[in-house]
Amino acid sequence: MPTSSLDTRRRSSPLGTETKGSAVKVQRTIRVDRPQHTVVAYLADFGNAVQWDPGTMSCMRTDQGPIVVGSTWRNVSDFNGRITELDYRLERLEPARLTFVGHNKQATATDDLRFSTDEATTTITYNAEITFNGLLRLAGPLLRRGFETLADEVETSLTTALETL
């Protein structure tokens, strides 16, 4: 039976948010009572982001075939009331690490997930970084709080989604 995300033994722990130049970096650690291979397989399909990322409105695969390095998705998100589209590519697919990179004219987003296991518990270290381009580079520090809030929401909803696998 899934463990509640409110169980303090399973709660994620924020490791901070950093703003450096035009980039905002957020890291969270999440622990779930699911096998690592199940967690990695689920998260390797970035289309599942609609189930665990509260900002994601849609995330559609833009290529076909098995999920491999080079697979692509179009992600449509709502961030602070603004609709944003990014084209994501799976850059790394390993048993203990996934990396997705998304681009549009305004920003580049990198989602890097590292996995470790202790028996049936999987620990995910989720690093998200967004680098702004053009005039948005000036807004990076101002958007930091919004990304912290989103990271906290993802922490909760991702834990819930993974515990139902």
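Above this text you will find the structure in question.
Undergrad: Would you mind going over the overall build of the chain with me for this structure?
TA: Within the chain, the regular secondary structure consists of 3 helices and 8 strands. Listed N to C, the secondary structure of the chain is β-β-α-α-β-β-β-β-β-β-α in terms of helices and strands. For the chain, the residues scored as buried account for 44% of the 165 residues in total. Restricting to contacts in the chain with at least 6 residues of sequence separation, those with at least 24 account for 47%.

Undergrad: Hey, could you run me through the side chain of T123 in this one?
TA: With respect to the helices and strands, the residue T123 is situated in strand β8 (residues 121–132). Among all residues touching T123, those that are not within four sequence positions of it are T29, I30, R31, R114, F115 and S116.

Undergrad: What am I meant to see in the environment of A44 here?
TA: Among the structural elements, A44 can be located in helix α1 (residues 36–44). A sequence separation of 56 residues divides A44 from F100, and the C-alpha atoms of the two residues are 9.0 Å apart. A44 has contacts with I67, W73, L90, L93, L98 and F100, leaving out every residue within four places of it along the chain.

Undergrad: How should I be thinking about the pairing of strand β6 (residues 97–103) in this particular structure?
TA: On a regular strand, one side chain projects to one face of the sheet and the next to the other, so that they alternate. By the criterion of burial, β6 is predominantly enclosed, with 6 of the 7 residues buried. Sheet topology places strand β5 (residues 82–94) next to β6; 7 bridges connect them, and they run antiparallel. By the bridge assignment for β6, L90 is matched with F100. A loop of 2 residues connects β5 with β6, the two strands running antiparallel in sequence.

Analysis parameters
- Residues numbered from 1 in each chain as written.
- Predicted model: local features only at pLDDT ≥ 70, side-chain atom pairs only at ≥ 80, totals over all residues.
- Heavy atoms only, no water.
- Helix = DSSP H or I, 4+ residues; strand = E, 2+ residues; numbered from the N terminus.
- Buried < 20%, exposed > 50% of the residue type's maximum accessible area, 1.4 Å probe, protein only.
- Contact = heavy atoms within 4.5 Å.
- Pairing = 2+ DSSP bridges.

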